[in-house]
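Commentary on secondary and tertiary structure
Residues per chain, in single letters:
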Number of protein chains: 2
Amino acid sequence: MEFNEAKAQFIQTWGKLGSEWGINRTMAQVHAILLISPKAMSAEEIMAELSISRGNANMNIRDLINWNLVHKELVPGDRKEYFTAEKDIWEVARRIIKERKKREMEPVLKVINQLKTIEGDQQSAEIKEFSSMINQLDSFVGKMDKSVNLLLNENENKLFSILFKLMS
Amino acid sequence: MEFNEAKAQFIQTWGKLGSEWGINRTMAQVHAILLISPKAMSAEEIMAELSISRGNANMNIRDLINWNLVHKELVPGDRKEYFTAEKDIWEVARRIIKERKKREMEPVLKVINQLKTIEGDQQSAEIKEFSSMINQLDSFVGKMDKSVNLLLNENENKLFSILFKLMS
DNA sequence: TTAAACTTTCAGTAATTATTGAAAGTTTAT
DNA sequence: ATAAACTTTCAATAATTACTGAAAGTTTAA
């Protein structure tokens, strides 16, 4: 396969995967471009590469920076801003997991905790079923939370060596 | 908190979480209702509970069945179809992971494999960076794939006992 | 068969989400 | 201070995604 075709397919695939996981397709595509770029890129270059407007480029780059996946790079003697992506894919995964945990898991944990005590006839079938599900979720999400913390604190090899033990 | 308020908040939260992860909000809400219902529900009951149309209810219930999270239940002497959700939350998680792996991880693996060999000057900075990223991804996704297979084949306790070892 | 009871489909519409582009804002060099 | 070079914002618009409801399809009982 020719390089330009491969590049286009990579950007396409990364964008599709992002949108399937609730991430703006363009943001994922900007990320893809930066992941495979050997040098820092300016907003202009990103706009040209994806045929998107300045505003769109600016917002998605800002979002990527907020996700801690991309950072600004200053070139001495040049007023433009340049952008580079974290290239270590394990580190990329950790940062995405960390961010989603903070944005989505923690609010859910909070709600579940509020729902653990409800008023009313504790013998009614509805309340019994509801409480049972909330308790299951509380336990499950708590365990997940701990597991994710481990993932975030350990390195790749340690984790996979443990998972390898699980196989045997 | 009163039961009806708690129930509304649970449905709301589950729906929001779903939409943040690329799942139709209504589908997640239908799932939430069934998760906490002590009995199988008819399409009518679901429609009423969420104030949605018959068509919408039908499509989202069908999707939940395709995700293997909900199944039909027949009541003798009644022509209506009733629906129940899998109630074991660990099993729910396994089915969601299994489905997303099939729908999203496997296609990505296929593309990555195609992109491993590209034509052109292998010494150019662009091609070197691209190949390096593809190789990293290939290795990473391969490991994830194996790990997920383990998760799907082991039970909850085994998994968490292993993760617990990781903590020490 | 027939028709009542139910489920599914899908064209039209509504709601949501993403994008544009020009104006406003900021920074830097002189 | 000024203006050139750049970045950010956001109202208007476009694109995408979800929903409705009525018509078509299916199943069952008599």
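Anything mentioned here points back to the structure above.
Right, let's walk through the structure included here. Since the structure is predicted, the reported quantities are computational estimates derived from the model, not experimental observations.

Residues and elements named next belong to chain B. Among the 5 residues of strand 3 (residues 81-85), 4 are classified as buried, and the element is accordingly described as predominantly covered. Across 2 bridges, the pairing between strand 1 (residues 41-42) and strand 3 is antiparallel. By the bridge assignment for strand 3, Ser42 is matched with Tyr82. In sequence, strand 2 (residues 70-74) turns back onto strand 3 through a hairpin of 6 residues, with Gly77 there showing a positive phi of about 80°.

With the rule as written, the count across this model stands at 3 cavities of 30 Å³ or more. In this structure, the second largest cavity occupies an estimated 60 Å³ of space. As for the second largest cavity, its lining consists of A:Val108, A:Val111, A:Ile112, A:Leu115, A:Ile134, A:Leu137, B:Phe10, B:Thr13 and B:Trp14. When residues of the lining of the second largest cavity are traced back to their parent elements, those giving at least two are helix 5 (89-114) and helix 6 (125-153) of chain A together with helix 1 (3-20) of chain B. When its residues are assigned to classes, the lining of the second largest cavity shows 8 nonpolar, 1 polar and no charged.

Moving on to the protein's contact with DNA strand D. Near DNA strand D you find 18 residues, and of these A:Asn58, A:Arg62, B:Thr26, B:Ser53 and B:Arg79 are the closest. Backbone atoms, meaning sugar and phosphate, form 63% of the atoms of DNA strand D found within 4 Å of the protein. Elements with a contribution of two residues or more to the surface near DNA strand D: helix 4 (54-66) of chain A together with helix 4 (54-66) of chain B. Take the surface near DNA strand D: its biggest share by element is 5 residues, from helix 4 of chain A.

The next thing to look at is the pattern of salt bridges. All told, the structure shown has 32 salt bridges over all chains when counted by the stated rule. The salt bridge partner of B:Arg94 is B:Glu91, with a shortest N-O separation of 3.7 Å. A residue pair is termed a helical-turn pair when its members lie 3 or 4 positions apart in one helix, as B:Arg94 and B:Glu91 do in helix 5 (residues 89-114) at 3 residues. In this structure, the salt-bridge partner of B:Asp138 is B:Lys116, at a minimum N-O distance of 3.1 Å. Pair noted here: B:Asp138 is in helix 6 (residues 125-153) and B:Lys116 is in the loop between helix 5 and helix 6, with a separation of 22 residues, a long-range link. The structure contains a network of salt bridges with shared partners spanning A:Glu86, A:Glu91, A:Arg94 and A:Arg95.

Each pocket or cavity is described by its volume, and for the largest pocket that value is around 230 Å³. Along its surface, the largest pocket is lined by 14 residues, and B:Ala43, B:Asn58, B:Ile61, B:Glu81 and B:Phe83 are the ones closest to its centre. Breaking the lining of the largest pocket down by element, the ones donating at least two residues are helix 3 (43-50), helix 4 and strand 3 of chain B. In terms of residues, the lining of the largest pocket owes the most to one element, helix 4 of chain B, which gives 6 residues. Residues belonging to the lining of the largest pocket are distributed by class as follows: 6 nonpolar, 2 polar and 6 charged. One number sums up the size of the second largest pocket: a volume of about 200 Å³. If you trace the second largest pocket, you find it lined by A:Ser42, A:Ala43, A:Glu44, A:Arg54, A:Asn58, A:Ile61, A:Arg62, A:Ile65, A:Lys72, A:Lys80, A:Glu81 and A:Phe83.

Given a rise of 1.5 Å per residue, 18 residues ought to cover 26 Å, and the 26 Å separating the end C-alpha atoms of helix 1 of chain B matches this to within 8%. For helix 1 of chain B, the complete set of buried residues consists of B:Phe3, B:Ala6, B:Lys7, B:Phe10, B:Ile11, B:Thr13, B:Trp14, B:Gly15 and B:Gly18. Close packing links the buried residues of helix 1 of chain B with helix 5 and helix 6 of chain A together with helix 2 (25-36) and helix 3 of chain B. Positive backbone phi, at 80°, marks B:Gly22, one or two positions downstream of helix 1 of chain B.

Once that is clear, we can look at the protein's contact with DNA strand C. In the neighbourhood of DNA strand C, 18 residues make up the surrounding shell, with A:Thr26, A:Ser53, A:Arg79, B:Asn58 and B:Arg62 lying closest. The sugar-phosphate share of atoms of DNA strand C within 4 Å of the protein amounts to 63%. In this structure, A:Asn24 approaches DNA strand C through a side-chain N or O atom, which is 3.4 Å from a phosphate oxygen. A distance of 2.3 Å is found between a phosphate oxygen of DNA strand C and a side-chain nitrogen or oxygen belonging to A:Thr26. Elements supplying a minimum of two residues to the surface near DNA strand C: helix 4 of chain A together with helix 4 of chain B. When the residues that make up the surface near DNA strand C are grouped by side-chain class, the tally is 2 nonpolar, 9 polar and 7 charged.

The rules we used
Residues numbered from 1 in each chain as written. Chains lettered and ligands numbered in written order. Predicted model: local features only at pLDDT ≥ 70, side-chain atom pairs only at ≥ 80, totals over all residues. Heavy atoms only, no water. Buried < 20%, exposed > 50% of the residue type's maximum accessible area, 1.4 Å probe, protein only. Helix = DSSP H or I, 4+ residues; strand = E, 2+ residues; numbered from the N terminus. Pairing = 2+ DSSP bridges. 1 Å grid on protein atoms, 1.4 Å probe; cavity = no way out; pocket = protein on both sides within 12 Å on 5 of 7 lines; lining within 4 Å. Points joined across faces, edges and corners; volume = space filled by probe spheres on them. Nonpolar A, V, L, I, M, F, W, Y, C, P; charged D, E, K, R; others polar. Near = heavy atom within 4 Å. Salt bridge = Lys/Arg side-chain N within 4 Å of Asp/Glu carboxyl O. Expected span 1.5 Å × (residues − 1). Contact = heavy atoms within 4.5 Å. Polar contact = N/O pair within 3.5 Å; in protein donor to acceptor, adjacent residues only side chain to side chain.

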